[in-house]
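Here is what each chain is made of, one letter per residue.
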Amino acid sequence: MRTVRRSALIDRPIPEPSALPRRAPLPAHHPDPVLDVVVPVYNEENDLEPCVRRLHAHLGETFPYAFRITIADNASTDGTPRIAARLAAELPGTDFIRLAEKGRGRALHAAWSRSRAPVLAYLDVDLSTDLAALLPLVAPLISGHSDIAIGTRLARGSRVVRGPKREIISRCYNGLLRGTLAVGFSDAQCGFKAVRRDVAERLLPLVEDREWFFDTELLVIAERAGLRIHEVPVDWVDDPDSRVHLVSTALADLRGMARLGRALACGRLPLSALRRSGGDLDGVLPAGLARQVVRFAAVGAASTLCYLLLYTVLRPATGAQAANALALLASAIANTAANRRLTFGVRGRGGALRHHLKGLAAFLIGLALTSGSLAVLHHTASGAGHRVELLTLIAANLAATLLRFLLFRAWVFPARRTTGTTAP
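Scope of this entry: the structure provided in the associated data block. Just so you know, these numbers come straight off a predicted model, no measurement behind them. (Residues numbered from 1 in each chain as written. Predicted model: local features only at pLDDT ≥ 70, side-chain atom pairs only at ≥ 80, totals over all residues. Heavy atoms only, no water.)

### Looking at the pairing of strand E6 (residues 148–152)
Inference 1: Counting buried positions along E6 yields five of five residues, so the element is predominantly enclosed.
Inference 2: Neither face of E6 is left uncovered, since the one carrying Ile 148, Ile 150 and Thr 152 and the one carrying Ala 149 and Gly 151 both have all their residues buried.
Inference 3: As paired elements, E6 and strand E8 (residues 192–196) share three bridges and run antiparallel to each other. The residue of E8 that forms the bridge with Ile 150 is Lys 193.
Inference 4: Of the strand pairs in this sheet, E6 and strand E9 (residues 229–233) are connected by five bridges, and their pairing is parallel. When the bridges of E9 are listed, Ile 150 appears paired with Glu 231. (Buried < 20%, exposed > 50% of the residue type's maximum accessible area, 1.4 Å probe, protein only. Helix = DSSP H or I, 4+ residues; strand = E, 2+ residues; numbered from the N terminus. Pairing = 2+ DSSP bridges.)

See the structure below:
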């Protein structure tokens, strides 16, 4: 049994930004273990042995490469360390590390930092996720197609058995992530994930959390950097003996979201160090909320000028309401196209029609706000002049612009478009 100190990567200075090499498939005849599956445990003396034996048998029968299983003990106080040491001695390709502190993120950080396998994975000891999804999970990483792979319980094709309480909490959590951090992946906390080692070496120094938010933080940073995330629908059965404390975990997750959101908004994370040299075909997302706001504001200012000019030209011939609708429609199409390219970094024609249709939905909201403001103005001050109309429309457009940015960021151009997430 070995004692592993907190990984040196935690204290290592953040590396200078330098692009990752382009992804490449692993050779068919790899001399060392290709996959290292970490099983983090804390006081799991009842579930540990059947889990590891079942996992070992499954990999031996179905996985075509050499593999390793690493049991990462989080300072257990029961018989877990003794059982883990015995399994490591008995089962070929099984290892065991013991940490002095609790925390799933801490266990994964330590185990992944020391591993030399090209593909790193982890799964929960309760084996809630059917092991049939393990090979589909790691195959895109071995082939060089993706950087990270996650199991999802919330995608079409998943089969999930769990109580309504956990179902509601899970969906609310992932919905909150989409609304606040504009993530594109569907399930942040399914205990079934894998990552290429070259990516993990860059990601781990940037991830601060050592508890349950570790998964979410790692995924958000990877997605913002433009790494490709592959999703695998899983069959998942809830473990009634789960050790997760929902209230304290939820509060810690909210604090983690706030901290990570601030870091992204201020541009404190060196996301360029995670981008691939040569680039993927997905395009490059401008880093940080602050830069997106600036670019969106610049596009919005230009669009507003175009809108006001068109309105002024059309007003005498069509009337106020028709001129407003036509000018807003033309400027909305141009605005969506400009933001697609300049603010959210989307290149190529892929998804363009969908983006414009969603942009038109945002346009309808702007139309309702501006048309409504004109209607109120004409009802309350029927003699208002052209200057008052313009001032009213400018105020309404400012409100519509703020709402449109939120819709663009979370719905029209979510982060999924740059990560290459594979939808099921």
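### Some points on a nonpolar patch on the surface
Inference 1: A surface patch of nonpolar side chains, amounting to about 420 Å² of accessible area, comprises Ile 365, Leu 369, Leu 402, Leu 403 and Leu 406.
Inference 2: Those elements that place two or more of their residues in the nonpolar patch are helix H11 (352–380) and helix H12 (386–412).
Inference 3: Ranked by the residues each element gives to the nonpolar patch, the list is headed by H12, at three residues.
Inference 4: Looking at the secondary structure, you find Leu 403 in helix H12.
Inference 5: Classification of Leu 403 as partly exposed rests on a relative accessible area of 34%. (Patch = residues over 30% accessible without salt bridge, like charges linked within 9 Å, V, L, I, M, F, W, Y side chains within 5 Å. Areas by Shrake-Rupley, 256 points an atom, 1.4 Å probe, with all protein chains shown as cover. Salt bridge = Lys/Arg side-chain N within 4 Å of Asp/Glu carboxyl O.)

### Things to note about unusual backbone geometry
Inference 1: One non-glycine residue, Asn 43, lies in positive phi territory at about 50°.
Inference 2: Tracing the chain through its elements places Asn 43 in the loop between strand E2 (35–41) and helix H1 (48–62).
Inference 3: What makes Asn 43 buried here is its relative accessible area of 15%.

### Concerning the pattern of salt bridges
Inference 1: One pass over the full model with this rule turns up 22 salt bridges.
Inference 2: With a shortest N-O distance of 3.8 Å, Glu 211 and Arg 106 are connected by a salt bridge. A residue pair is termed long-range when its members are at least 10 positions apart, and Glu 211 in the loop between helix H6 (197–203) and helix H7 (214–224) and Arg 106 in helix H3 (residues 104–114) qualify at 105 residues.
Inference 3: One salt bridge connects Glu 201 with Arg 197, and the closest N-O pair in it is separated by 3.3 Å. Placement of both Glu 201 and Arg 197 in helix H6 is noted, with a separation of four residues, approximately one turn of the helix.
Inference 4: Within this structure, Glu 49, Arg 53, Arg 86 and Glu 90 form a network of salt bridges that share partners.

### Focus on empty space enclosed by the protein
Inference 1: Throughout the structure, instances matching the rule amount to five cavities of 30 Å³ or more.
Inference 2: Estimates place the volume of the largest cavity at around 110 Å³.
Inference 3: Around the largest cavity, the lining comprises 13 residues; the ones closest to its centre are Ser 303, Leu 328, Ser 331, Asn 397 and Arg 404.
Inference 4: Those elements that place two or more of their residues in the lining of the largest cavity are helix H9 (289–318), helix H10 (320–343), H11 and H12.
Inference 5: Residues of the lining of the largest cavity, tallied by class, amount to four nonpolar, eight polar and one charged. (1 Å grid on protein atoms, 1.4 Å probe; cavity = no way out; pocket = protein on both sides within 12 Å on 5 of 7 lines; lining within 4 Å. Points joined across faces, edges and corners; volume = space filled by probe spheres on them. Nonpolar A, V, L, I, M, F, W, Y, C, P; charged D, E, K, R; others polar.)

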